Amino acid sequence: DLAFARHEGDGIRCPFHGWKFAPDGRCLETPAEPMGSTLCSRVRQRSYPVQVRAGVVFAWLGPEGSVPPPLPGFHCFT
């Protein structure tokens, strides 16, 4: 769960394990792993496309790789 992750410019870091993830879900760092570990290259966090409208963040939680439908043009979001 990355709900409490720290933003570090080029990614977010898990406060529990210290692992760092890029915006596209690639694992960038696994600091507790021993030197030479390939775990980071095998781990990936799913990322979700988002849109911000009127200060509200809408995330598309559909199947990975699918394209979200356009948001309705409701007056409250203009």
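For the structure itself, consult the block above.
Below: a short report on this structure. (Residues numbered from 1 in each chain as written. Predicted model: local features only at pLDDT ≥ 70, side-chain atom pairs only at ≥ 80, totals over all residues. Heavy atoms only, no water.)

**Comments concerning the pattern of salt bridges**
Link 1 in the chain: A full pass over the atoms with the stated rule returns six salt bridges.
Link 2 in the chain: Notably, a salt bridge pairs Arg 6 with Glu 8, separated by 3.0 Å at the nearest N-O pair.
Link 3 in the chain: Between Lys 20 and Asp 10 there is a salt bridge, and its shortest N-O distance comes to 2.7 Å. Of this pair, Lys 20 sits in strand E3 (residues 20-21) while Asp 10 sits in the loop between strand E1 (6-7) and strand E2 (12-13), and the two are ten residues apart along the sequence.
Link 4 in the chain: Via salt bridges that share partners, Arg 6, Glu 8, Asp 10, Arg 13, Lys 20 and Glu 29 belong to a single interconnected network. (Salt bridge = Lys/Arg side-chain N within 4 Å of Asp/Glu carboxyl O. Helix = DSSP H or I, 4+ residues; strand = E, 2+ residues; numbered from the N terminus.)

**A short note on the layout of surface pockets**
Link 1 in the chain: Taken as a whole, the largest pocket spans an internal volume of roughly 260 Å³.
Link 2 in the chain: Along the walls of the largest pocket sit 15 residues, with Ile 12, Ala 22, Pro 23, Arg 46 and Ser 47 positioned nearest its centre. (1 Å grid on protein atoms, 1.4 Å probe; cavity = no way out; pocket = protein on both sides within 12 Å on 5 of 7 lines; lining within 4 Å. Points joined across faces, edges and corners; volume = space filled by probe spheres on them.)

**A few points about the sheet that holds E1**
Note: strands within a sheet are paired through backbone hydrogen bonds, in either parallel or antiparallel orientation.
Link 1 in the chain: With antiparallel pairing, four strands are arranged side by side in an open sheet as E1-E2-E3-E4. Two strands lie at the open edges of the sheet, namely E1 and strand E4 (27-29), each paired on one side alone.
Link 2 in the chain: The sheet contact formed by E3 and E4 spans two bridges and is antiparallel. If you follow Lys 20 over to E4, its bridge partner there is Glu 29. (Pairing = 2+ DSSP bridges.)

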